[in-house]
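Understanding the architecture of this molecule
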Amino acid sequence: MSETTKPDSENKSSKSLKCNVKNMILLQQALQKDVLSTWPLKKPFSSLRDLHLDKNNFWSAIKHENNERLQKTAEKVLQGKPVNVVVYGGSNTAGGGLQEDEKSIKGRFPIILQSWWDSVITPATGSRLNIKIIGIGGTSSSYYQFCYKVYLHHNNIDLVILDSSVNDRVALRFKNSTNINQSLPLEQFTRQLLNDHNNPA
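Residues numbered from 1 in each chain as written. Predicted model: local features only at pLDDT ≥ 70, side-chain atom pairs only at ≥ 80, totals over all residues. Heavy atoms only, no water.

**Details of the packing of aromatic side chains**
The tally for this structure, following the rule as stated, stands at six aromatic pairs. Taken together, a centroid distance of 5.2 Å and an interplanar angle of 65 degrees make the contact between Tyr88 and Tyr144 edge-to-face. Of the two residues, Tyr88 sits in strand β1 (residues 83-89) while Tyr144 sits in helix α7 (residues 141-147), which places them 56 residues apart along the sequence. Looking at Tyr88, the relative accessible area reads 0%, which means it is buried. Both rings, one in Tyr88 and one in Tyr148, keep their centres 6.3 Å apart while their planes meet at 80 degrees; by these two values the pair is edge-to-face. Taken as a pair, Tyr88 in strand β1 and Tyr148 in the loop between α7 and β3 (159-163) lie far apart in primary sequence, 60 residues in all. (Phe/Tyr/Trp six-rings, centres within 6.5 Å; stacked < 30°, edge-to-face > 60°. Helix = DSSP H or I, 4+ residues; strand = E, 2+ residues; numbered from the N terminus. Buried < 20%, exposed > 50% of the residue type's maximum accessible area, 1.4 Å probe, protein only.)

Structure follows, in structure tokens:
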């Protein structure tokens, strides 16, 4: 091997780094787009104000610089790898009421997330979103914490979205004791997910 010839591993590493930098630039550009440009429900909600959202508060709500789990997921996005997401929740997640109000369940927030990802993230980096929706009406964390794995068909979870807080509050209204830690079921459920072997965010 000549002095100017680099090992294959070094060449692959260099190419991977260049690809990541390119994808990072493309991703930054893609994320500058108006979040409502791919919004499918423009008729009832045509602005962030209609959704009771303030764009100035977005980053302060999600900023977490030292979150290694999110960093790992972000690296998969930059590498163009698929990201596996699972959503646990109740009727909101399942689309309760949408069929009557909108004559469709396309307004479910996991579907909105999928649509946005397909329109913004995938064209920029090639990363695809594989989303599993587990929504059962009237179901709280006290149920999922005991059997959440039953609903999974794979173990390679990168990101988990929990939408159980509403039903957690409702379920505890029927408890007679005032000494119950109302956040305990959700906390225990969350800890189990965080302890998963794949360390999902």
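**A word on helix α9 (residues 184-194)**
Here α9 has its buried residues at Pro185, Phe189 and Leu193. Seen along its axis, α9 keeps its buried residues to an arc of 70 degrees; they face one direction. Its buried side turned inward, α9 meets β1, α7 and β3. (Arc of directions from axis to C-beta. Contact = heavy atoms within 4.5 Å.)

**Some words on the confidence of the model for the protein**
When pLDDT is averaged along the protein, the result is 76, and 71% of the positions lie at 70 or above. Model confidence for the protein, summarised as mean pLDDT per element, is weakest for helix α5 (residues 98-102) at 60 and strongest for β1 at 90. (pLDDT = per-residue confidence, 0-100.)

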